[in-house]
Each structure stands twice: as C-alpha cells, then as structure tokens.
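Tertiary structure, described
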Amino acid sequence: MTGSAEYSARRVLPDAPLLAAATGRTPSRRPVWFMRQAGRSLPEYREIRAGIGMLESCFDPALVCEITMQPVRRHDVDAAILFSDIVVPLKAAGIDLDIVAGVGPVVANPIRSIADVAALPRLVPEEVGAIAQAVRLLTTELGSTPLIGFAGAPFTLASYLVEGGPSRNHEKTKALMHSDPKTWHALLGSLADTTICFLQTQLKAGVDAVQLFDSWAGALSLADYREFVLPHSERVFAEVAAAGVPRIHFGVGTGELLGAMGEAGADVVGVDWRIPLDVAAGRVGPGKALQGNLDPAVLFAGPEVIDREVRRIAAEGDRAIEAGAIGHIFNLGHGVLPDTDPTAITSAVELVHSL
C-alpha cells in the first residue's frame, strides 16, 4: 500500500508481521496485539497515571508515548496502539465532557435537537496537536514495531452525546435515530468530520495503521446499521484511504453485522469472541484480513486453558484464511480486562509467536 505525498513522512516497515498479515502477505510470525494492552492491567501504568486524570493523560505527549510503549516492552506484541480515548477529539473540539472514574464519559449537554447538532464545535487539527506530537515521539521510539492510530466511529460517539454517558439499552439514541432521521444523519455527518480530522492528523504524524472502534454498533439490527450507520463509517474509511495504510474496523457483539462492517471499507475486520473466526470469514467475504478473537476472560483461567484456547483461535484463524480471509491478526475479542495478570498476557503472546 502506498500513500499520497502528504503522508510521505511515514516509516517503511516491510518486515512488520502485522502489516504483512493485514495486506495479504505472509508474515514472518503470527502477529498479535491486544486491545487495551496499555492500561490498568500493568503496574507501571498505574504508577505513572497516579493522580493524573484520564483526559489530562491523553493530551500529554510524553505520557502518551510512555504508556503506549509499556506493553510493547513488556509483552513483545507486534503493534503499539496509541493510548487515547474515543472522546478525545470531542473534548479537543470544545464539547463539555469528562471521563468519570467507574462510569466513563459523561456529557454535560446531551444532543436532543437539530439546533444542538448545529451548535456542535468542529475539530480542527491544531486542537489535537498534542496527539500528533505523541505519534511523532512514538514513531521514533518504536523502531520496527508499527503504531496503530485510534478513533471512535460516528455511531459510538453519537451514542455518548445523545445518552449523556454510557448506556445499556441506547434508548435515547435509537429513539432519535428512528423519530428524527434528519437530525440523526446531521449528527453522524458532523461526527464523521471530527473522526476524519482526528485520524488524518494521526496519519500525517506517521501512524502505520488505523483502527475505528464502533464499540456499541452491536446494539443495532442489520437493517438499522445499514440505514443509519454504514454510510457515515464508509465516508470515514474513504477519507483516510489515501494514506495507504491498513484500516481496521471493530465492534462488540457485531456477529450479525460483520458483512456490512466489511463493506464499510476496512482492510481488516475485528471479530469479537462470540463467533468463530472461520464462520466470520464467511460473513465478511473474501479479500479482507480478520483480527481476533480470544475471550478476554480466558486470561483469568490459568495456563492450561490459555494454551488450549490460544491454539483453538489460531487454528480458526488458519481456517479463516482457507475460507478466503487474506490474513489473521491474533487479538482479544475485546479489550484487556483491568484485573488481568500481565504474565498471562506475556505467555499468550509467546505462545502465539510459537505457532
């Protein structure tokens, strides 16, 4: 994959296993990284974050660099993922929100009307300059390890802005979507602009791949996803295509949506633990790589279980390739849970690399 001139500063990493698997080449070893690999499972993370708020941490380039590097040093994973949060670009643009410990993102003035959408501030690259600086620090520090950029998808961002915070049932979000499609599409169009700006800033600073998290898309039916979400995710992927790097798309509980999510334009489709990778390959269709999908809770079950389940996932990944996937990137089916023993993660990485 080759990028345009505005992305020409990117490192060339021809031997990186993750980039090989994502683009249909044969990797030198089975690539593995874990969502939320940087964070509360690591004592060094808890130490460096002591007394510093989540959003404050995300806007400190040196701190972002150190936190992003910690799991690479400890676990020998095949990619770093930028330490950030999906609401970072919203906060940077000027939306009044905070990340409340034990709750998650809380929005002061939830979206209720077309006027609220019109009043949303638009992100400009200068407002996420600290994130671009963190990327530049990381690409110097990482050597031959790829850096994955990070953003929340328009639907998931919308769910926080409409609900005012995390939601179990997304009732306000779905009510707005169905009762006022015009306002809904205006909202997702605005959020797609923000996501595009955030990803392009990271790409111009030098990230080697990007992952779009649509964490709550699994709350939707396939018909609703196609009508109310897919066009906006498609636009995000289209607008970052010129960078020429692998684009990864991931959501939770999205087994029924995998085909449509594959259509959105990603090169790699993330699969959560609820559906086998070889089954997912049939739903996504040929020509895409798959990423996943060990259940994060398995890391609590002891060495024998971890060994068995890692081997099972790797075998399903191999069958997915036989079924038409162009590659497999080993990962969890969601993020590392906070109380995970770091030694279990390191052992799982070593096993993946041996297979």
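Residues numbered from 1 in each chain as written. Predicted model: local features only at pLDDT ≥ 70, side-chain atom pairs only at ≥ 80, totals over all residues. Heavy atoms only, no water.

Bringing a nonpolar patch on the surface into the picture now. Together, Val100, Val103 and Val106 make up an exposed nonpolar region whose accessible area comes to about 200 Å². Structurally, the position occupied by Val100 is in strand β2 (residues 97–100). On the accessibility criterion, Val100 (35% relative accessible area) is partly exposed. (Patch = residues over 30% accessible without salt bridge, like charges linked within 9 Å, V, L, I, M, F, W, Y side chains within 5 Å. Areas by Shrake-Rupley, 256 points an atom, 1.4 Å probe, with all protein chains shown as cover. Salt bridge = Lys/Arg side-chain N within 4 Å of Asp/Glu carboxyl O. Helix = DSSP H or I, 4+ residues; strand = E, 2+ residues; numbered from the N terminus. Buried < 20%, exposed > 50% of the residue type's maximum accessible area, 1.4 Å probe, protein only.)

With that settled, consider the packing of aromatic side chains. Summed over all chains, the structure comprises five aromatic pairs. Judged by centre distance (4.9 Å) and plane angle (50°), the rings of Phe150 and Phe213 are tilted. Residue Phe150 is located in strand β4 (residues 147–152), and its partner Phe213 is located in strand β5 (residues 209–213); the two are separated by 63 residues in the primary sequence. Seen from their ring centres, Phe213 and Phe250 are 6.2 Å apart, and the 80° between their planes marks the pair as edge-to-face. (Phe/Tyr/Trp six-rings, centres within 6.5 Å; stacked < 30°, edge-to-face > 60°.)

With that settled, consider the packing of helix α14 (residues 277–284) against helix α15 (residues 303–322). Running from amino to carboxyl end, α14 crosses α15 at an angle of 30°, the nearest separation of the two axes being 7 Å. By the criterion of interaxial angle, the relationship of α14 to α15 is roughly parallel. Every pair of crossing elements has a handedness; the one defined by α14 and α15 is right-handed. Touching Leu277, Asp278 and Ala281 of α14 are Ile313, Glu316, Gly317, Arg319 and Ala320, all from α15. (Axes fitted to C-alpha atoms, helices over the stretch in contact; angles between N-to-C directions. Parallel < 35°, antiparallel > 145°, perpendicular 65-115°, else oblique. Left-handed = near helix turned anticlockwise from the far one by under 90°. Contact = heavy atoms within 4.5 Å.)

Read across the sheet, seven strands follow the order β1-β4-β5-β6-β7-β8-β9 without closing on themselves; strand pairing throughout is parallel. The sheet is open, and its two edges are formed by β1 (80–81) and β9 (328–332), each paired on a single side. As paired strands, strand β7 (residues 268–270) and strand β8 (residues 289–294) are joined by three bridges and run parallel to one another. By the bridge assignment for β8, Val269 is matched with Leu290. Strand contacts of α15: β8 and β9, with the helix running at about 160° to β8, the strand carrying the most contacts. (Pairing = 2+ DSSP bridges.)

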